[in-house]
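Structural description and commentary
One letter stands for each residue in the lines below.
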Amino acid sequence: MAKCDLHPNIRDRWSPYSFSERPLDPQKLKLVLEAAIYAPSSFNEQPWHYVYAERDDVESFRTFVSFLDEGNQVWASQAGALVVSFARVKSNFTKKENFYALHDCGIALGNILNQATSCGLDVHVMGGFSRQKVRSYFKLGDDVMPVAMMAMGNYGDNSQIPGELAERDMKRKKRKPVEEVIFRNNPANPALNLV
Ligand SMILES: Cc1cc2nc3c(=O)[nH]c(=O)nc-3n(C[C@H](O)[C@H](O)[C@H](O)COP(=O)(O)O)c2cc1C
């Protein structure tokens, strides 16, 4: 059997707190977001949408920073771009709630993260932002939900950021051991004992 390793883009991805002053190449930014469109989705609804603001687009960037919780503003305001992801939560086919909308946005995010690593860019996903502010700025109806924000850019020098953030930036998050996550079905005792 051909040897198959965990892909380094998957294994080595992490969420940095330090971004460089170096501007983010706009073509790379677009390519990274384009990776989303290749994700699978329930009924091929493709319920994902993205709006970005580059740091040199001062007015848009300032607005996007203002969506973020204060704890995220401190470091994410140094990113090359901020992105908001949206999910169309009502199905275009059934006209009812699309149960898989957030799930499918998550798959698309996986593509984005993978492509970003491949392009040498770093992304830090954030749930810490005001959905209300985003809703009112983009005048969203009930069919669309702001899902997450992303800080994207070139990795920076963490000696230039406040001590506590630099410490966080140097630590890598632990993973649960594979035995706690993946199970071979046991037909004699199918009970799952999840922790
Ligand atoms: C949906 C989501 C929301 C998150 N929200 C925040 C956030 O508001 N602030 C933050 O610093 N990190 C946030 N993170 C990053 C996680 O804390 C991080 O992915 C996790 O601790 C694993 O670390 P790693 O990405 O470095 O492997 C979020 C990640 C995801 C996927």
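Residues numbered from 1 in each chain as written. Predicted model: local features only at pLDDT ≥ 70, side-chain atom pairs only at ≥ 80, totals over all residues.

Secondary structure summary: the protein chain contains 7 helices and 4 strands in total. Shown N-terminal to C-terminal, the secondary structure of the protein chain runs as helices and strands in the order α-α-β-α-α-β-α-β-α-β-α. Taking the contacts inside the protein chain whose residues are at least 6 apart along the sequence as the reference set, 77% of them involve residues at least 24 apart. (Helix = DSSP H or I, 4+ residues; strand = E, 2+ residues; numbered from the N terminus. Contact = placed C-beta atoms within 7 Å.)

How two helices pack is summed up by the angle between their axes together with the distance between the axes. Closest axis-to-axis distance for the helix α2 (residues 26-34)/helix α5 (residues 101-118) pair is 7 Å, and the angle between their directions is 145°. Crossing angle aside, the handedness with which α2 passes α5 is right-handed. For the pair α2 and α5, contact is made by Leu31, Val32 and Leu33 and by Ile112, Gln115 and Ala116, respectively. By residue class, the composition of the contact of α2 with α5 is 5 nonpolar, 1 polar and no charged. (Axes fitted to C-alpha atoms, helices over the stretch in contact; angles between N-to-C directions. Left-handed = near helix turned anticlockwise from the far one by under 90°. Nonpolar A, V, L, I, M, F, W, Y, C, P; charged D, E, K, R; others polar.)

The full set of residues close to the ligand is Trp14, Ser15, Asn72, Val125, Met126, Gly127, Gly128, Ala148 and Lys173. Per-class residue counts for the shell around the ligand are 4 nonpolar, 4 polar and 1 charged. (Near = placed C-beta within 6 Å.)

Of all hydrophobic cores here, the largest spans 39 residues; its most connected members are Ala81, Leu82, Val83, Ile112, Met149 and Met152. Mapped onto this core, the elements with two or more residues apiece are α2, β1 (48-54), α3 (58-67), α4 (70-76), β2 (81-88), α5 and β4 (144-153). Looking at this core element by element, the count peaks at 7 residues for α5. Ignoring sequence-local partners within four residues, the contact set of Ile112 consists of Val32, Leu33, Ala35, Ala36 and Val123. (Core = buried A, V, L, I, M, F, W, Y, C linked by C-beta atoms within 7 Å. Buried ≥ 20, exposed ≤ 12 C-beta atoms within 10 Å, placed from the backbone.)

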